[in-house]
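Descriptive analysis of the structure
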Amino acid sequence: MTFSEIISESLKQGDSVKNLSAPYIIISVSVALLCSLVIYFVYKKFYRGAVYSESFNILNVMLCLITSFVITTISSNLVLSLGMVGALSIVRFRSAVKDPLDIGFLFWSIAAGITTGAGLFPFAIISTIIIAAVYIIFSVITTGRKTYLLVIKYYEAADESIRNELRNIPNTLKSKNLYKGQSELTLQVKVKGNDTSFVSKISDIEGVDSAMLIEYTGDAL
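Note that residues are indexed from 1 along each chain, following the sequence as it is written. This being a predicted model, a pLDDT of at least 70 is required before a residue's local features are given, and a value of 80 or more before pairs of side-chain atoms are given or counted; all residues contribute to the totals for chains, interfaces and linings. Think of the side-chain values as coming from all heavy atoms in the structure, minus any hydrogens and water.

1. Overview of the nonpolar core
Formed by 18 residues in total, the largest nonpolar core has its most connected members in Leu150, Ile162, Val189, Phe198, Ile202 and Val208. When contributions to this core are tallied by element, the ones reaching two or more residues are strand E1 (145–154), strand E3 (183–192), helix H9 (197–203) and strand E4 (208–215). We call two residues in contact when some of their heavy atoms are within 4.5 Å. Those residues in contact with Ile202 that lie beyond four places of it in its chain are Leu150, Ile152, Glu165, Leu166, Val208 and Ala211. The set of buried Ala, Val, Leu, Ile, Met, Phe, Trp, Tyr and Cys residues whose side-chain atoms join them within 4.5 Å is what this entry labels a nonpolar core. Note on exposure labels: buried denotes an accessible area under 20% of the residue type's maximum, exposed denotes more than 50%, and partly exposed covers the range between, all computed with a 1.4 Å probe on protein chains only. Grouped together as the second largest cluster of nonpolar side chains are 16 residues, Val31, Ile39, Cys64 and Phe121 included. Counting from the N terminus, the helices are DSSP H or I runs at least four residues long and the strands are E runs at least two residues long.

2. Some points on helix H7 (residues 121–141)
By definition here, a helix of n residues has an expected span of 1.5 Å times n minus one. Taking 1.5 Å of rise per residue, the 21 residues of H7 would be expected to cover 30 Å, and the 30 Å separating its terminal C-alpha atoms lies within 8% of that figure. Every buried residue of H7 is listed here: Phe121, Ala124, Thr128, Ala132, Tyr135 and Ser139. An end-on view of H7 places all buried positions within 70° of arc, on one side of the element. More than 90 degrees from the buried face of H7, the exposed residues found are Pro122, Ile129, Ile130, Phe138, Val140 and Ile141. Considering only its buried residues, H7 is in contact with helix H3 (22–46) and helix H6 (100–117). This arc describes the spread of directions from the helix axis toward the C-beta atoms.

3. Notes on the side chain of Ser68
Of note, Ser68 is situated in helix H4 (residues 54–76). Apart from the residues within four sequence positions on either side, Ser68 is in contact with Ser28, Ala32, Gly113, Thr116 and Gly117.

4. Thoughts on the confidence of the model for the protein
When pLDDT is averaged along the protein, the result is 77, and 74% of the positions lie at 70 or above. Scored below 50 in pLDDT, residues 9–18 makes seven contacts in the model with residues more than four places away or belonging to other chains. A residue's pLDDT is the confidence the predictor assigns to it, expressed on a 0 to 100 scale.

5. Looking at the pattern of salt bridges
Pairing is possible between side chains that carry opposite charge, provided their charged atoms lie close to one another. One side-chain nitrogen of Lys or Arg within 4 Å of one carboxyl oxygen of Asp or Glu is enough to make a salt bridge. Applying the stated criterion across every chain yields a total of one salt bridge. Its salt-bridge partner being Lys153, residue Glu184 comes within 3.8 Å of it at the nearest N-O pair. With Glu184 in strand E3 and Lys153 in strand E1, this residue pair connects regions lying 31 residues apart in the sequence. With relative accessibility at 15%, the residue Glu184 sits in the buried group.

6. Overview of H6
Counted at 1.5 Å a residue, the expected span for H6 with its 18 residues is 26 Å, and the 26 Å between its end C-alpha atoms agrees. Of the residues making up H6, those classed as buried are Asp102, Phe105, Leu106, Trp108, Ser109, Ala112, Gly113, Thr115, Thr116 and Gly117. Looking one or two places after H6, you find Gly119, whose phi comes out positive at around 85°.

This is how it looks when you write it as structure tokens:
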């Protein structure tokens, strides 16, 4: 096969790729960028974890855009799709995702990229808006009550007084450690707003060595 024949054959195989006009590509990338920016701002504004990661949020934007043009390429040419599937099969990701909500945002970015790359622009935009609205509603609903870990070190003589102080606060026992003449109590407590005055009251109880409040994100214990 001569060089000209090879070029001619490759052009025939790439006919479907050439059907992707510049306006279509611009619209596809723009819709993917719009969806990814919605995900970016929702994650940044309503993030509920302990430490916000800007790099992870930027990853959501990149992931949506990358998935979009990968799906566009796969759907436009069968030969390219087989080659890309083979190339992607050697990729390995080893970064651990600690917060389950982060996994949800990753799937959201991938789903937005897939629907955009497939040319389902209205579906991608509407679905992104609906998911954002649902997440915001749940974030607002659960904002009024926060979950903390309350760690109390005390002597057994203060046990009854501590229990009386905690009666009006929803709590769940996580652990209780006994030392020589001293105990360490770890409780999961739910607090309305920022009212943490009960910590000072517990600290003032005679026989309490220390009382510490830690924001609970699900990673500890």
